[in-house]
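Listed below, chain by chain, are the residues.
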Amino acid sequence: MKIDLTVLKTVEREREISSDELIRIIEQAILQAHVRSGEHKPDPSAPQPRVEVDRRTGEVTLFEPELDEDGNRIGESVATTDDFSRIAATAAKQVIFQALRDKSDESVLGAYKDREGDIIAGVVQQGTNPRMVHVKLGDDMEALLPPEEQVPGAEYKHGQRLRVFITKVERGPRGPQVTVSRTHPSLVRRLFALEVPEIASGAVEIVAIAREAGHRTKIAVRATQPGINAKGACIGELGARVRAVQAELGDEKIDIVDYSDDLPAFVASALSPARVSDAFMLDAKTKAVRALVPDFQLSLAIGREGQNARLAAKLTGAKIDIQPDSVMDED
């Protein structure tokens, strides 16, 4: 039996696996095939045969142990490769293919594992399951965008370019599997880091995010360096930066608010775009805060189906009681 070394050189270039490592894989694969064929009884305690591939010629040699009457190794003899059965040869090819595939998968897995928790650009592909969206990330990977990670009501058309958030990278039954998301709050965080240099440099920090994907997102920001307007930096000149993020998210509304260590003040900012007349603590232990708004802005503060108030509560971690200014007159 002879291995075509030119094939190994091709695999070495294409898969970036050294020839020596490939040969070691092949030697082990042929030995496994020999054992599985039944020509050698697998007894871990007994002396084992070995396979050697000549690095210059590709010639394969099978060495069988020679034993004395007590079963001790006293040497080894060369067994001709013609003794391999068709089953052994077929098994060898299968094991070699799987070993090479595993090695290639490890390389791909490592490359994308380092990107877990980051965003990446991709192109939507058509799949057999209409509910499962496939996103091509590169020549060697097609990620899955499952239904629960898709924005409700959004359309994902074949050939559409979009950015996705990598939530999970794992070994699947058919090789490396990458799961991505379009609903994860950190997608918004990463998009702002791309558009806002002050966030990328750390001069501005996104402290908290509350998102209802496809509808509205609130982010709380603060400056870590003096002289920087965190909110203004995120909005950009004439709103260019925030609009770029919105465009990537399908025109999802984004409220950028100033973070404050003072919870009532933070709540007042979080209820934007409504204007809060006053906010004060009702119960520090439960983080209950009352926010007073002009009567005509009560519905704006609460939002459609309570969305604005719900997102503000999620952003701040407070229990918010929104009341109109007139409630104070009644008291």
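Relevant structure appears above.
What this report covers is the structure whose coordinates are included nearby.

Thresholds applied
Residues numbered from 1 in each chain as written. Predicted model: local features only at pLDDT ≥ 70, side-chain atom pairs only at ≥ 80, totals over all residues. Heavy atoms only, no water. Helix = DSSP H or I, 4+ residues; strand = E, 2+ residues; numbered from the N terminus. Pairing = 2+ DSSP bridges. Axes fitted to C-alpha atoms, helices over the stretch in contact; angles between N-to-C directions. Contact = heavy atoms within 4.5 Å. Expected span 1.5 Å × (residues − 1). Buried < 20%, exposed > 50% of the residue type's maximum accessible area, 1.4 Å probe, protein only. Phe/Tyr/Trp six-rings, centres within 6.5 Å; stacked < 30°, edge-to-face > 60°. Polar contact = N/O pair within 3.5 Å; in protein donor to acceptor, adjacent residues only side chain to side chain. Parallel < 35°, antiparallel > 145°, perpendicular 65-115°, else oblique. Left-handed = near helix turned anticlockwise from the far one by under 90°. Nonpolar A, V, L, I, M, F, W, Y, C, P; charged D, E, K, R; others polar. Salt bridge = Lys/Arg side-chain N within 4 Å of Asp/Glu carboxyl O.

1. Some points on the environment of Gln126
Examined against the element boundaries, Gln126 turns out to sit in the loop between strand 4 (119–125) and strand 5 (133–138). Residues Gln126 and His158 lie 32 residues apart in sequence; the distance between their C-alpha atoms is 5.8 Å.

2. Some details on the sheet that holds strand 1 (residues 50–53)
If you walk across this open sheet you meet the 3 strands as 1-2-3, and the pairing is antiparallel. Edge positions in the sheet fall to strand 1 and strand 3 (73–79), since each has one partner strand and no second. Strand-to-strand twist of the sheet, defined as the mean angle between neighbouring strand axes without regard to direction, takes the value 30 degrees. Examined bridge by bridge, strand 1 and strand 2 (residues 60–67) share 4 bridges and lie antiparallel to one another. Residue pairing across strands places Arg50 opposite Phe63, the latter belonging to strand 2. Across the sheet, helix 2 (residues 19–36) lies against strand 1 and strand 2, angled at about 140 degrees from strand 1, the strand it touches most.

3. Description of helix 2
Between its terminal C-alpha atoms helix 2 stretches 25 Å, which fits the 26 Å expected from 18 residues at 1.5 Å a residue. Turning to helix 2, its buried residues are Ser19, Leu22, Ile23, Ile25, Ile26, Glu27, Ala29, Ile30, Leu31, Ala33 and His34.

4. A word on the packing of aromatic side chains
A full pass over the atoms with the stated rule returns 1 aromatic pair. Between Tyr259 and Phe266, the aromatic rings sit 4.8 Å apart at their centres with planes inclined by 70 degrees, giving edge-to-face as the arrangement. Owing to a relative accessible area of 25%, Tyr259 belongs among the partly exposed residues under this scheme. For Phe266, a relative accessible area of 4% puts it in the buried group.

5. Some words on the sheet that holds strand 14 (residues 319–324)
The strands making up a sheet associate through backbone hydrogen bonding, with each pair oriented either parallel or antiparallel. An order of 12-13-14 is seen for the 3 strands of this open sheet, with the pairing classed as mixed. At either margin of the open sheet sits one strand with a lone partner, and together these are strand 12 (278–283) and strand 14. The sheet shows a mean angle of 25 degrees between the axes of neighbouring strands, taken without regard to direction. As judged from the 6 bridges shared by strand 13 (residues 288–293) and strand 14, these two strands associate in the parallel manner. Its bridge partner being in strand 14, Ala288 is matched across the sheet by Lys319. Across the sheet, helix 8 (residues 263–270) is in contact with strand 12, strand 13 and strand 14; its angle to strand 12 comes to roughly 130 degrees.

6. Concerning the side chain of Thr316
Along the chain, the position of Thr316 falls in helix 10 (residues 307–316). Overall, the relative accessible area of 10% leaves Thr316 in the buried class. A polar contact of 2.9 Å, which involves the side chain of Thr316, links it to the backbone oxygen of Ala312. Of the polar contacts made by the side chain of Thr316, one reaches the backbone nitrogen of Ala318; its length is 3.2 Å. The contact partners of Thr316, leaving out residues within four places of it in the chain, are Leu263, Phe266, Val267 and Ala270.

7. What to know about the packing of helix 4 (residues 185–195) against helix 7 (residues 240–248)
Their axes nearest at 9 Å, the elements helix 4 and helix 7 cross at an angle of 135 degrees. On the basis of their axis angle, the class for helix 4 and helix 7 is oblique. Considering how the two elements wind past one another, helix 4 and helix 7 form a crossing that is right-handed. Mapping the contact onto sequence places Leu191, Phe192 and Glu195 in helix 4 and Arg241, Val242, Ala244, Val245 and Glu248 in helix 7. The class makeup of the residues in the contact of helix 4 with helix 7 is 5 nonpolar, no polar and 3 charged.

8. Looking at the pattern of salt bridges
Close approach of charged atoms allows side chains with opposite charge to pair. Enumeration over the complete set of coordinates arrives at 18 salt bridges. A salt bridge links Arg241 to Glu198, with the shortest nitrogen-to-oxygen separation between them at 3.0 Å. Residue Arg241 is found in helix 7, and its partner Glu198 is found in helix 5 (residues 197–201); the two are separated by 43 residues along the sequence. Given a relative accessible area of 23%, Glu198 falls into the partly exposed group.

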